[in-house]
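Examining the three-dimensional arrangement
Read off the chains here:
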Amino acid sequence: MSGKAQRRGPPRGTAMEPLVTPHWPRCGSCLGTNQPLPLLQFYSCELVLEEEGIYGDVTCDEWAFYLLPLDDDLLSMELPEFFRDYFLEGDQRWISTIARALQLLNSLFGPFTNTYGIGRCAKMVYEVWRELVEESEGDSQARRPEISHVFLMDRDVDYVTALCSQVVYEGLVDDTFRIKCGSVDFGPDVTTSDRSFKVLLNAQDKVFSEIRNEHFSNVFGFLSQKARNLQTQYDRRRGMDIKQMKNFVSQELKGLKQEHRLLSLHIGACESIMKKKTKQDFQELLKTEHSLLEGFDIRESTSYIEEHIDRQVSPSESLRLMCLLSVTENGLIPKDYRSLKTQYLQSYGPEHLLTFHNLKRIGLLTEQAPGETLTAVESKVSKLVTDRAAGKLTDAFNSLARKSNFRGISKKLGLIPRVDGEYNLKVPRDMAYVFSGAYIPLSCKIIEQVLERKGWLGLEEVVRLLNGNEFAPTEPVMEENPAWEAQRVILAVFLGGCTFSEISALRFLGKEKGYKFIFLTTAITSSARLMDAMLEAKV
Amino acid sequence: GITGGCHRSPKGEAAFSQKFELYSMAWNLKEDLRDCLVAAAPYGGPIALLKNNFRKEKSPGSRPLLEIYSASGVPLASVLWKSGQVVQLGWTASEDLLCIQEDGTVLIYNLFCEFKRHFSMGNEVLQNHVREAKVFHTEYGTGVAILTGAHRFSLTTNIDDLKLRRMPEVPGLQKLPSCWAVLSQDRVTIILLAIGQDLYLLDNTSCSVVTPPGISPHAGAYVQMAVSFNYCYLALFTDTGSIWMGTSSLKEKLGEFSCDFRTPPRQMVWHVAELWTLSGERRFILDEDSYLVPELDGVRIFSRTTHEFLHEIPEASEEIFKIASMAPGALLLEAQREYEAASFGKCFLDKFPPESFVRTCRDLRVLNAIWDYQIGIPLTFAQYKQLTIEVLLDRLVLRRLYPLAIKICEYLRLSEFQGVSRILAHWACYKVQQKDKSDEEVAHAINQKLGDTPGISYSEIAARAYDCGRTELAIKVLEYEPRSGEQVPLLLKMKKSQLALNKAIESGDTDLVYTVVLHLKNELNRGTFFMTLQKQPVALSLYRQFCKHQELETLKDLYNQDDDHQELGNFHVHSSYSSEKRIEGRVAALQNAVDEYYKAKNEFAAKATEDQIKLLRMQRRLQDELDKPYVDYSLHDTVYGLILDGNHKRAEQLYRDFRIPDKRFWWLKIGALAEREDWEEMEKFSKSKKSPIGYLPFVEICMKHHNRHEAKKYAARVTPEQRVKAHILLDQAADAAIEHKNENEMNLVLSKCTAATDSSVVEKINRAKAQILKK
């Protein structure tokens, strides 16, 4: 055996328990048991309690709060603070929590044989999880996994998608009303009464489940069709005899009424959204976003954003647009960077100096190095030296400042679909439908590509542009039983949150390819939540 | 040889018992046992002798000698007794020796005569001295009961969780009771004592007189009593030679008979459910100088020369073996008998499950192995089953018989975790105490032997090494611990905090990192502490988070140490609006921020902060002059507020002073004017110069305030490209009013329409109004 111990024993502290002594005489009591100690002890909490002198009076119990199932395919850890804590403050305290959540799922539905991922945090979680697996080795081997594929992704791999306005129904409802923990409060303007309703939004809601993944432009038509159907069903009671009527009342009416209630709520929500979103402003906003994604008319978009700020349209929307501009353009040119910030401070107050500091640190709103740009230097250099050396030089630049490289990635992965004529939103042909056909969400595209290629092979350039930290199963992937392949279940793990648009896009991908995606996220996020997490405001 | 015993069952019937020689004792005892303090542990446990204890004169040459032997008389260890006068010896359930001194101090030794610890039975005992003491075992553990010179009882039921109990006074007790015993009933420990012809029961709170049921009135005074191994039975011996036997609850009499001797026996013990007495006379076949050890299923009797076991014959075997004789030393007689019978009988049964037979064979071989006189643990099958294999292994470990223990584990095919790992771990803990070997040697030897056996905790072995004062060895052993998290607590204890920090970070357990960081914080001076953190980004960011919530000032020091001017600037900006309330304080904080930003070469932030200082001062002046709150508003909101209040001059001044871009100024001014419904001023403003934002915003803002009339004025000035947009806006007001079915709104729109240009709109609204009236 090698000197370095590789295998791990069972949980701590059991082998060396105090010597077991017999009872004299034995009166029904049992001998020392080998109970495993809890994995995590709150050392620091204990320390504080000890310092306060109340340690003995307090019983500590650990409540392992890992996973909250919000829907049939959605598990949330409900850790919205994770995004700021990790990506901004570099606080790694949640890493092992996530790893243990993963291990919990692994022990229940695994073993996860194919684990892919990208991002620093994803890699750390993966490594900690691997250790947990080794420690509990022998627990669950040689059984057919229900979930065999896992994909872990850091939010900072793809900020762009999270920054875009959502136009799929569920995302739009989230952007408009803010879905909290799987439920939403529809106010009086939706319920058309003086009351608010709290509505659970999940697969149980028959109306919602049919429209949640639809582009908003289809939703209204669908709902009115549904209303007509409902009416027809109600109408059937005309011409019923007493017996049929009795049947109808006892069996169908309740369901119809429930559906009716939900239908009117969603119609109300749609109206409310339309009032807010289909105004000219919203159209212009979307147009600007699409220009930014495609990289056209940057000057015009910048002016649009400036006006947005000047008119105090919305502090978080303005910030979001600035970030989108920065992330898609690899940072703002110094002049714009300064002037937009100045405008913003004038509109919303000087404390946002700190907000901008946060945004810079996290890479959401940065400044292109003066005089640069990177590409200019690169092209100059590449004329002088060989391509390989230029590549290395680019790497060096990359390590200096984390670049989003969105333009390059977009080109490599074909994120902007070329469309001849109108994009058919009713019958979408790719994941771009979640952004009106203008853009395929980067995060989802990466997952699609890696699953298709069973690894990162052929994506080297993309990985480089994404700043690396990718991983894939170390052992060669087993040739799978084609029958399993057909019903492959993939756990998509988002560290730092995922949006409903991404969920919709992957659900669509799943349907196309015959996979089923299960989502595990630290929290549901949206552009507004990302911005809120960065905001420094007076309290 | 085997001898039939002459003893009594509680019912007075003679039962068959047999006595087997276990060992001829290996010790060369010169003293008489009666001249020594003797204690023998049950379950074939070790024997302790304290020699020369009763000598009154204590010359240095004749100090008492404490000796410990195995049950076969093989010496395990000895030590010269240098402590106080010992009254009583006793063994704990985990085979530690208790030496109860006259002053109430109890010293605990392991079976190699190594001192472990001591405790005191309290002040009362110290003052009045121990006159008699008993060691007893209950489900709570090993207890000690003391009778003091003041004729009071003190006891503890568990020496590992010491809680002293002083028992109530026995009324009228002027001298030591003639005899007493500790009973355990319903989980309560009580004392039964005899004074002449009276029996008393002492519990926690009271003392009561009791009478054994059915005792003959002429029985006389009680002089000796015995409680059975399981606390179920009680025997009382009186000075008339009468013996009463019954349940220890004193509720039932099982028998009474009289002996032909009167002198109280020196030792009286229960043998299963039968009573054996060891009297001074040669009544029984026992040696005069013997010692009785009650066991679960018999009595061990040892003397200077032999060690015997007295054992009841089970009824089943009795029939066959009544007169039979067995080979000497057949401790395993009964089990072996069963084995023979079973293996013989097995041939006639085809459906007999072989597993239990095989298991029993294995167990018997184990018992045979430990019975060997070199090992010296004579266990019967019943005792072994009661003790369990785990405890037996622990006892072998305790005797440092590691190889035998491991062999047994392997032979019995115990799981590694249950068996071999435990033993190896204990071996390693023993190994680290061997001071004659170098750290490298020991660490290497341990790793060689242990490798990566599952269940081995290197950190616990290291902890043991550290306890023995071998810090370096501990660190070496810790290196083999694969779980870095496990290494941390010990490293901290050893004051190797920096190493602990590395390991904590390696473990990925941030809670551990916090622990180490907080340790370091207390241990190191501030400067060194910060320097240490600088080298560990993970720990640093965790500590920063901690400071952000707990110690803001420390956060500042942290940035200072690091010359992080940017963060210092941010820090001051933050405190300018979070902690400072007075304007002066806020300005001062911002000024600090400006300085730091300049040092950080962040000109943008410095300028922005300077502007903020300027604004704050301005706002304060405005607030004083206009008696309205302006402080804490953004520049935009301040100017807006000024225009809203009609302070156009001041607004203009701010616009110039702060170089507000034209576009913004126009946007905000028309917004504020519209809100003020100062349409005149708006028109004047629109004509002051060419609008940098065009005229569509004018149309929009007017429409927003439902002033179609004003909106139309500006619609005419909109650039041709935007004209369509403007007209759409103009129409929207009517549509909105109609949609809302709000008559007031409609009238408002109507009032702003001119018949000539807006006939279509007027018509539309009138139609809608008519509709409403119909309903």
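The structure displayed is predicted, hence computed values, not measured ones.

With that out of the way, let us pick up the overall build of chain A. When helices and strands are tallied, chain A shows 23 helices and 9 strands. For chain A, with 539 residues in total, the buried portion stands at 53%. Sequence-distant contacts in chain A: of pairs separated by 6 or more residues, those separated by 24 or more amount to 74%. Surface accessibility of chain A: about 25500 Å² in total, with carbon and sulfur atoms responsible for 54%.

Moving on, we come to the packing of aromatic side chains. Residues and elements named next belong to chain B. Applying the stated rule across the entire model yields 36 aromatic pairs over all chains. With 5.1 Å between their ring centres and 85 degrees between their planes, Phe529 and Tyr543 make a pair best called edge-to-face. Here Tyr543 lies in helix α16 (residues 537-550) and Phe529 lies in helix α15 (residues 526-534), a separation of 14 residues in the sequence. These aromatic residues form a ring-pair network of at least three members: Tyr655, Phe665, Trp666, Phe685, Tyr695, Phe698 and Tyr714.

Attention now goes to the confidence of the model for chain B. In low-pLDDT regions, the fine details of the predicted coordinates are not to be read closely. Residues and elements named next belong to chain B. Residues with a pLDDT of 70 or more make up 80% of chain B, whose mean pLDDT is 78. Low pLDDT (under 50) marks residues 1-15, which in the prediction has 37 contacts with non-local residues, meaning those over four places away or in another chain. Confidence drops under pLDDT 50 across residues 315-333; counting only partners more than four residues distant or on other chains, this segment forms 24 contacts.

Another point: the pairing of strand β2 (residues 37-40) of chain B. Residue and element names in this part refer to chain B. Burial along β2 is two-sided: Leu37 and Ala39 facing one way and Val38 and Ala40 facing the other are all buried. Relative to strand β3 (residues 47-51), β2 runs antiparallel, the two being bridged by 4 bridges. Looking at β3, one finds that Ala39 is bridged to Ala48. What sits between the antiparallel neighbours β2 and β3 is a turn of 6 residues, in which Tyr43 has the positive phi angle 55 degrees.

Let us now look at the pattern of salt bridges. Once the charged atoms of two side chains with opposite charge are near each other, the side chains can pair. As enumerated under the stated definition, the model contains 55 salt bridges over all chains in all. We note a salt bridge from Glu317 of chain A to Arg320 of chain A, for which the minimum N-O separation is 3.0 Å. Here Arg320 of chain A and Glu317 of chain A lie together in helix α13 (residues 315-329), a separation of 3 residues that amounts to about one turn. Overall, Arg320 of chain A belongs to the buried group, its relative accessible area being 1%. One salt-bridge network, in which partners are shared between bridges, spans Arg84, Glu89, Arg361 and Glu536 of chain A together with Lys548 and Glu567 of chain B.

Residues and elements named next belong to chain B. The strand order β2-β3-β4-β5 describes an open sheet built from 4 strands, whose pairing is antiparallel. Of all strands in the sheet, those with a lone pairing partner are β2 and β5 (75-80), marking the two edges. Between one strand axis and the next, the sheet turns by 10 degrees as a mean value, whatever way the strands run.

Our focus in this paragraph is the packing of helix α12 (residues 484-493) of chain B against helix α13 (residues 497-507) of chain B. All names here are of chain B. Where α12 contacts α13, the two axes come as close as 8 Å, and the packing angle between them is 160 degrees. With respect to each other, α12 and α13 are oriented roughly antiparallel. The hand of the α12/α13 crossing is left-handed. Contacts between α12 and α13 involve Ser484, Gly485, Gln487, Val488, Leu491 and Leu492 from the former and Ser497, Leu499, Ala500, Lys503, Ala504, Glu506 and Ser507 from the latter.

Residue and element names in this part refer to chain B. Reading across the sheet, the 4 strands line up as β14-β15-β16-β17 and stay open at both edges, with antiparallel pairing between neighbours. Each edge of the sheet is formed by a strand with only one pairing partner; in this case those strands are β14 (179-185) and β17 (207-210). With strand direction ignored, the average angle separating the axes of adjacent strands in the sheet is 25 degrees.

Moving on, we come to the nonpolar core. Membership of the largest hydrophobic core comes to 164 residues, with the highest contact counts inside it found for Leu152, Tyr169, Leu364, Ile446, Leu491, Leu506 and Phe517 of chain A. If one sorts the elements of this core by residue count, helix α10 (residues 242-277) of chain A sits on top with 9 residues. Once residues lying within four places of it in the same chain are set aside, the contact partners of Leu152 of chain A are Leu102, Thr115, Tyr116, Gly117, Ile118, Ala122, Val125, Tyr126, Phe471, Val493 and Leu495 of chain A. Ile375, Ile377, Ala504 and Leu524 of chain B belong to the second-largest nonpolar core, a separate cluster that totals 68 residues.

Before going further, it helps to spend a moment on the pairing of strand β4 (residues 149-154) of chain A. All names here are of chain A. Of all 6 residues in β4, 6 are buried; the element is thus mostly enclosed. The alternating pattern of β4 places His149, Phe151 and Met153 and Val150, Leu152 and Asp154 on opposite faces, both of which are buried. Across 5 bridges, strand β3 (residues 114-118) lies against β4 in parallel orientation. Looking at β4, one finds that Thr115 is bridged to Val150. Bridge count between β4 and strand β8 (residues 489-495): 6 bridges; the pairing is parallel. Bridge pairing links Asp154 to Leu495 in β8.

Criteria and thresholds
- Residues numbered from 1 in each chain as written.
- Chains lettered and ligands numbered in written order.
- Predicted model: local features only at pLDDT ≥ 70, side-chain atom pairs only at ≥ 80, totals over all residues.
- Heavy atoms only, no water.
- Helix = DSSP H or I, 4+ residues; strand = E, 2+ residues; numbered from the N terminus.
- Buried < 20%, exposed > 50% of the residue type's maximum accessible area, 1.4 Å probe, protein only.
- Contact = heavy atoms within 4.5 Å.
- Areas by Shrake-Rupley, 256 points an atom, 1.4 Å probe, with all protein chains shown as cover.
- Phe/Tyr/Trp six-rings, centres within 6.5 Å; stacked < 30°, edge-to-face > 60°.
- pLDDT = per-residue confidence, 0-100.
- Pairing = 2+ DSSP bridges.
- Salt bridge = Lys/Arg side-chain N within 4 Å of Asp/Glu carboxyl O.
- Axes fitted to C-alpha atoms, helices over the stretch in contact; angles between N-to-C directions.
- Parallel < 35°, antiparallel > 145°, perpendicular 65-115°, else oblique.
- Left-handed = near helix turned anticlockwise from the far one by under 90°.
- Core = buried A, V, L, I, M, F, W, Y, C linked by side-chain atoms within 4.5 Å.

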